[in-house]
Amino acid sequence: MEVGHRLAGSVRSTDLAARLGGDEFAVLFAADVDLLPAADRMLDALSAPFEFEGRAIDLGASVGVVRIDGAGDPERLLRTADAAMYSAKASGKGTVTEFDVTSESQRTGRRSVAEELSEAAAADGMQLHFQPIIDLRTTDLVGVEAFARWSVDGVTRTAADFLPELTSAGLVREMDRLLVERTRAALRLRTAAGQGLAVWKNVSIASLRDGTLIEMLVAGLDDEARARLTIEVPVSEVGDHRAVHEVLERVAGHGVKVALDGIGAGHGSLPLLRPGVIDVFKVRAADIGDRLEPLVAYAQALGASVVATGVETEAQLEAIRRSGCERAQGSQLASTVVQDELVT
């Protein structure tokens, strides 16, 4: 509520401020406003510490700005504002990024990302691949991480290739929804086949905020199947935000596990976490170095476990074993497979 009060106090009576959900807010300005200074005023209003349970907490904010001339499609406007906001977040807290709506018209002679995504979905071009997760104590296969491969015009692209385009087009949530449907189908298929493997799927915080995506994912799954499902969220999207923690707690309330992904990928510190919020820390073997052992101890103190990812060399594997980490994934352990190879 305090964020809402501060935002309302930083805009004019002719402007409209509203909460979209979670920790996302939107402000609709009249045409006579100078947008960038107005965005800076909102950042200034949110920069002072917030008081919570006797503590001063610095939240910070990122602002995406979109200009329109005349009438426009409200859904498209929100998508482009969302894309601008995520671009601002990628540049660091306290940043304002402007999205130029007119630049879209300059992409002549090329299909839009939305069209390519729609075509891939219809033609089964967006497929799930699975990377095995191995128990280092027994060498048993204990789970698989589901991730996307996008085939367009005969060319297969990884998430690293197409995610920036989807972000700029405001389509990350649509992709998450498509892949969640595929993940749910794969989990039900393995359950019917009598396989007890755990399934892991990375989903953005933005897609989890309104609750409908996770409800769609768990619909029709019994308690046992839900217990074998882990939702991964990027560490870069978590931070020390109460609203984000509440999103994760709602996810866990559906009987699924929550993993914090991407630890070690350029993030100097972990978010302030309450015990029980995170079940698993996923750390990148190439980035974590000699910090893995204390991280394992920290995770255990929070009641969580650790999975090492991107294990590509024998030296990395040995260091991971010495740290006390019990599970890992990567080419040194097992290659990725498609669903037909997984379910036998």
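Everything numeric in this text was worked out from a predicted model, so none of it was measured. All residue numbers here refer to positions counted from 1 along the written sequence of the relevant chain. This being a predicted model, a pLDDT of at least 70 is required before a residue's local features are given, and a value of 80 or more before pairs of side-chain atoms are given or counted; all residues contribute to the totals for chains, interfaces and linings. The side-chain figures draw on all heavy atoms in the structure; neither hydrogens nor water molecules are used.

**Some details on the packing of helix H1 (residues 2-10) against helix H2 (residues 35-47)**
To get an axis, a line is fitted to the C-alpha atoms, and for a helix only the part in contact is used. The angle between two axes follows their N-to-C directions and goes from 0 to 180 degrees. Only DSSP runs of H or I reaching four residues or more are called helices, and only runs of E reaching two or more are called strands; each is numbered from the N terminus. The geometry of H1 relative to H2 is characterised by a closest axis approach of 9 Å and an angle of 140 degrees between their N-to-C directions. Between H1 and H2 lies a crossing of right-handed hand. Contacts between H1 and H2 involve Val 3, Arg 6, Leu 7 and Ser 10 from the former and Arg 41, Met 42, Ala 45 and Leu 46 from the latter. Side-chain classes are defined by residue name, with Ala, Val, Leu, Ile, Met, Phe, Trp, Tyr, Cys and Pro counting as nonpolar, Asp, Glu, Lys and Arg as charged, and the others, Gly among them, as polar. Considered class by class, the residues forming the contact of H1 with H2 number five nonpolar, one polar and two charged. Handedness of a crossing follows from how the near helix is turned relative to the far one, being left-handed for an anticlockwise turn of less than a right angle and right-handed for a clockwise one. By the convention used here, residues are in contact when the closest approach between their heavy atoms is within 4.5 Å.

**Comments concerning the pattern of salt bridges**
Throughout this description, the term salt bridge denotes a Lys or Arg side-chain nitrogen within 4 Å of a carboxyl oxygen of Asp or Glu. Applying the stated criterion to the full structure yields seven salt bridges. The shortest N-O distance in the salt bridge between Asp 15 and Arg 12 comes to 3.0 Å. Via salt bridges that share partners, Asp 135, Arg 137 and Glu 326 belong to a single interconnected network.

**Examining the nonpolar core**
Nonpolar cores are built from buried Ala, Val, Leu, Ile, Met, Phe, Trp, Tyr and Cys residues. Side-chain atoms within 4.5 Å join them into one set. Exposed residues in this analysis have more than 50% of their type's maximum accessible area, buried residues have under 20%, and partly exposed residues fall in between, with area computed by a 1.4 Å probe over protein chains only. One finds Ile 231, Val 233 and Phe 281 to be the most contacted residues of the largest nonpolar core, which totals 60 residues. With seven residues, the top contributor of residues to this core is helix H6 (residues 172-192). By size, the runner-up hydrophobic cluster in this structure holds 15 residues, among which are Val 3, Leu 7, Ala 39 and Val 65.

**Examining the environment of Glu 215**
Relative to the assigned elements, Glu 215 resides in helix H8 (residues 212-218). Taking C-alpha positions, Glu 215 is 8.8 Å from Val 251, a pair spaced 36 residues apart along the chain.

**Considering the environment of Glu 326**
Within the secondary structure, Glu 326 sits in the loop between helix H13 (314-323) and strand E15 (327-328). Filtering out sequence-adjacent residues up to four positions away, Glu 326 remains in contact with Ile 134, Asp 135, Leu 136, Arg 137 and Val 306.

**Details of H1**
Listing the buried residues of H1 in full gives Val 3, Arg 6, Leu 7 and Ser 10. All buried residues of H1 lie within an arc of 100 degrees about the axis, which places them on one face of the element. Relative to its buried face, H1 has exposed residues pointing more than 90 degrees away, namely His 5 and Gly 9. Elements that come into contact with the buried residues of H1 comprise strand E2 (24-28), H2 and strand E3 (50-52). To obtain the arc, one takes the directions from the helix axis to the C-beta atoms.

**Thoughts on H2**
Given a rise of 1.5 Å per residue, 13 residues ought to cover 18 Å, and the 18 Å separating the end C-alpha atoms of H2 matches this to within 8%. Every buried residue belonging to H2 is among Leu 35, Ala 38, Ala 39, Met 42, Leu 43 and Leu 46, and all of these are buried. An end-on view of H2 places all buried positions within 145 degrees of arc, on one side of the element. Multiplying 1.5 Å by the residue count of a helix minus one yields the expected span of that helix.

**Concerning the side chain of Glu 145**
Within the secondary structure, Glu 145 is located in strand E8 (residues 141-152). Given the relative accessible area of 12%, Glu 145 is considered buried. For Glu 145, the side chain forms a polar contact with the side chain of Lys 282, separated by 3.0 Å. Here Glu 145 is in contact with His 129, Phe 130, Gln 131, Ile 133, Trp 200, Glu 232, Lys 282 and Gln 329, once residues within four sequence places are set aside. Any pair of nitrogen or oxygen atoms within 3.5 Å is treated as a polar contact; in protein, a donor-acceptor pairing is required on top of that, and neighbouring residues in sequence qualify only through side-chain atoms on both sides.

**Some points on the confidence of the model for the protein chain**
Mean pLDDT for the protein chain: 78, with 77% of residues reaching 70 or above. Each residue carries a pLDDT score, the predictor's confidence in it, ranging from 0 to 100. For the protein chain, per-element mean pLDDT is lowest for helix H4 (residues 113-122), which scores 64, and highest for E15, which scores 94. Low pLDDT, under 50, characterises residues 101-110; the stretch is placed with nine contacts to residues that sit more than four places away or in other chains.

**Considering the side chain of Gln 131**
Positionally, Gln 131 belongs in strand E7 (residues 126-135). Each residue touching Gln 131, except ones within four places of it in the same chain, is listed here: Gly 143, Val 144, Glu 145, Phe 147, Gln 329, Gly 330, Ser 331 and Thr 336.

**Digging into the packing of aromatic side chains**
Each Phe, Tyr or Trp ring (for Trp, its six-membered ring) is paired with any other whose centre lies within 6.5 Å, and the angle between the two planes then decides the class: stacked below 30 degrees, edge-to-face above 60, tilted in between. Inspection of the entire model under this criterion finds one aromatic pair. Centroid distance Phe 281 to Tyr 298: 5.9 Å. Interplanar angle 40 degrees. Geometry classified as tilted. Of this pair, Phe 281 sits in strand E13 (residues 280-284) while Tyr 298 is found in helix H12 (residues 292-301), placing the two residues 17 residues apart along the sequence. A residue is classified by how much of its surface remains accessible, and Phe 281, at 0% relative accessible area, is buried.

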